[in-house]
Amino acid sequence: MVAVDLGGTRMKCGLVAADGAVLHRETRPTPREAGGRAVLEALLETVVELGQKAAADGHRVRAVGVVVPGIIDAATGTVGAENLAWAGTPVLAELKAAIGHDQHVILAHDVRAGGYAELRQGALTGTTNSLFLPLGTGIAAAMVVDGSLVSGDGYAGELGHTRFVNGEAAELCACGQWGCLETVASAAALARRYGVRTGRVVDGSREVLELLAEGDPDAEAVWKEAMAALIDALVLYTTLVAPTRIAIGGGLVGAGETLLAPLREGVTARLTFQRNPEIVAAVLGEEAGCLGAALMAWDSVTAEESGEQPV
Ligand SMILES: [Zn+2]
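Residues numbered from 1 in each chain as written. Predicted model: local features only at pLDDT ≥ 70, side-chain atom pairs only at ≥ 80, totals over all residues. Heavy atoms only, no water.

Undergrad: Which residues make up the coordination of the zinc ion, and what are the values?
TA: Of the protein atoms, only His161 (ND1), Cys173 (SG), Cys175 (SG) and Cys180 (SG) coordinate the zinc ion, at distances of 2.0 to 2.4 Å. If you look at the zinc ion, its four donor atoms make angles of 102 to 125 degrees with each other, and the shape they trace is tetrahedral. Owing to a relative accessible area of 30%, His161 belongs among the partly exposed residues under this scheme. (Donors = N, O, S within 2.8 Å, 3.2 Å for Na, K, Ca; no water. Tetrahedral: all angles 85-135°; square planar, octahedral: opposite > 155°, others 65-115°. Buried < 20%, exposed > 50% of the residue type's maximum accessible area, 1.4 Å probe, protein only.)

Set out below in structure tokens:
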């Protein structure tokens, strides 16, 4: 499988065997500043070249999996992704035109692909009702409900864009709404809010976490606000969908128990009749998206060959 993840600052690319073993990995620049067309051209070139490399190494490419940080319209194969400057971009059609219409191509949402990998080979293995929640530049959820990853035709899982901050504390979110979870609890929000509060520019959430460990009161204040909103979100999710395990991923999970322990305590304290989920760290890190896309693509080919509906 050829797998490409457009979710990060650079494209993460790989060749992945049927058992999930990564045979080759590389990163390439994503030319965002040159516009959406340039990003698409770079993706097409990457997929073609990785296919050539696979052939040269003696492998047969069975499918291509592409992970995008945006909304994939399942019916049309078009993608809307603000940070790739894509709006209704016909990514599936362009990929098929570049590599052949008989090729198997899977487009996957970055977080859902990561959740799929965690479900198959990571922190959610063995669960039928669970949640993968990466806290990175943004926040979105991969929801496993009764054994299936919920896609909602490409629109599901946007927990980061649900209002958990009210009153004057609510900030305008990039999505156009006020008080979204993402505006206080993403790794990016933590760094930005610390900067606004103190007038000090920090080097991402990592520095805020270091300040938190040193007992910096402003770091504690933005951290507490993030925790409160996250606990509200996890309690809502637990009440609605009853997960047995929640795996937190993304940059913030680098905080380890500093993050996980208060989330466990906060959620446990709020639940009454609901079943209490385990709250753990995701284990696959940055590779989850790429691996998930490859596993999805592989499963889709396997299902088709066995006459089942692809998932
Ligand atoms: Zn929002």
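Undergrad: Describe the pattern of salt bridges, listing the residues and the values that go with them.
TA: Counting across every chain of the model gives 15 salt bridges. Linking Glu41 and Arg37 is a salt bridge whose minimum nitrogen-to-oxygen distance equals 2.7 Å. You can see Glu41 and its partner Arg37 sitting in helix 1 (residues 36–56), four residues apart, about one turn around the helix. A residue is classified by how much of its surface remains accessible, and Arg37, at 45% relative accessible area, is partly exposed. (Salt bridge = Lys/Arg side-chain N within 4 Å of Asp/Glu carboxyl O. Helix = DSSP H or I, 4+ residues; strand = E, 2+ residues; numbered from the N terminus.)

Undergrad: Report on the sheet that holds strand 4 (residues 63–68), specifying residues and quantitative values.
TA: One key point about sheets: their strands pair by backbone hydrogen bonds, in either a parallel or an antiparallel sense. Read across the open sheet, the five strands follow the order 3-2-1-4-8; overall the sheet is mixed. This sheet does not close on itself; its edge strands, each paired only once, are strand 3 (22–29) and strand 8 (104–109). Geometrically, the sheet is characterised by an average inter-axis angle of 15 degrees between neighbouring strands, direction not taken into account. Sheet topology places strand 1 (residues 2–5) next to strand 2 (residues 10–16); four bridges connect them, and they run antiparallel. (Pairing = 2+ DSSP bridges. Axes fitted to C-alpha atoms, helices over the stretch in contact; angles between N-to-C directions.)

Undergrad: Residues and numbers for the side chain of Gln274, please.
TA: Checked against the element boundaries, Gln274 lands in the loop between helix 8 (257–270) and strand 13 (278–281). Looking at Gln274, its side chain comes within polar contact range of the side chain of Thr239, at 2.9 Å. Separated by 2.8 Å, the side chain of Gln274 and the backbone nitrogen of Thr272 make a polar contact. (Polar contact = N/O pair within 3.5 Å; in protein donor to acceptor, adjacent residues only side chain to side chain.)

Undergrad: If you had to explain the packing of helix 1 against helix 2 (residues 91–99) to someone new, which residues and values would you point to?
TA: In the contact formed by helix 1 and helix 2, the axes pass within 10 Å of each other and the chain directions differ by 40 degrees. As summarised for this structure, helix 1 and helix 2 are arranged oblique, according to the angle between their axes. The two elements helix 1 and helix 2 meet at a crossing, and its hand is right-handed. Where helix 1 abuts helix 2, its residues Arg37, Leu40, Leu43, Leu44, Val47 and Val48 lie against Val91, Glu94, Leu95, Ala98 and Ile99. Split by residue class, the contact of helix 1 with helix 2 holds nine nonpolar, no polar and two charged. (Parallel < 35°, antiparallel > 145°, perpendicular 65-115°, else oblique. Left-handed = near helix turned anticlockwise from the far one by under 90°. Contact = heavy atoms within 4.5 Å. Nonpolar A, V, L, I, M, F, W, Y, C, P; charged D, E, K, R; others polar.)

Undergrad: Lay out the pairing of strand 4 in plain terms, naming residues and giving numbers.
TA: Taking burial as the measure, the six residues of strand 4 include six buried ones, the bulk of the element. Burial along strand 4 is two-sided: Ala63, Gly65 and Val67 facing one way and Val64, Val66 and Val68 facing the other are all buried. Taken together, the six bridges between strand 4 and strand 8 define a ladder with parallel strand orientation. When the bridges of strand 8 are listed, Val68 appears paired with His109.

Undergrad: Before we move on, could you go through the packing of helix 3 (residues 110–121) against helix 9 (residues 288–305) and cite the residues and values that matter?
TA: Viewed as axis vectors pointing N to C, helix 3 and helix 9 meet at an angle of 75 degrees, and their least axial separation amounts to 7 Å. As judged from the angle between their axes, helix 3 and helix 9 are roughly perpendicular. Contacts from Asp110, Arg112, Ala113, Gly114, Tyr116, Ala117, Glu118, Arg120 and Gln121 of helix 3 reach helix 9 at Ala288, Gly289, Leu291, Gly292, Ala293, Leu295, Met296 and Asp299. Residue composition of the contact of helix 3 with helix 9, grouped by class: eight nonpolar, four polar and five charged.

Undergrad: Go over the sheet that holds strand 10 (residues 142–145) with me, naming the residues and quoting the values.
TA: An order of 11-10-9-12-13 is seen for the five strands of this open sheet, with the pairing classed as mixed. Across the chains shown, the open sheet's two edge strands, defined by having one partner strand only, are strand 11 (148–149) and strand 13. Contacts from helix 7 (residues 217–241) reach strand 9 (130–134), strand 10, strand 12 (245–249) and strand 13 within the one sheet, and its direction differs from that of strand 9 by about 155 degrees. Relative to strand 13, helix 8 is tilted by about 165 degrees, and along the sheet it contacts strand 12 and strand 13.

Undergrad: So what about the nonpolar core? Which residues, and what values?
TA: Core analysis: the largest hydrophobic core is formed by 46 residues, its most contacted members being Leu133, Leu181, Trp223, Leu230, Ile248, Leu259 and Leu263. When contributions to this core are tallied by element, the ones reaching two or more residues are strand 9, helix 4 (182–185), helix 5 (187–198), helix 6 (204–213), helix 7, strand 12 and helix 8. In contact with Leu263, not counting residues within four places along its chain, are Met227, Leu230, Ile231, Leu234, Ile248 and Ile279. With 26 residues, the next largest nonpolar core counts Leu43, Trp86, Leu95 and Leu107 among its residues. (Core = buried A, V, L, I, M, F, W, Y, C linked by side-chain atoms within 4.5 Å.)

Undergrad: Summarise the domain arrangement of the chain; cite the residues concerned and give the values.
TA: In terms of domains, the chain is made up of domain 1 (2–109 + 286–305) and domain 2 (123–283). Computed from C-alpha coordinates alone, the two centres of domain 1 and domain 2 are separated by 28 Å. Taken residue by residue, the interface counts seven residues in domain 1 and seven residues in domain 2. Across the domain 1/domain 2 interface, buried area totals approximately 520 Å², and carbon plus sulfur atoms make up 58% of it. Here domain 1 and domain 2 share one residue pair in polar contact (both at pLDDT 80 or more) between them. At three residues, strand 5 (residues 71–73) tops the list of elements feeding residues into the side of domain 1 that touches domain 2. (Domains from an automatic or database assignment. Buried area = accessible area lost by both parts, 1.4 Å probe.)

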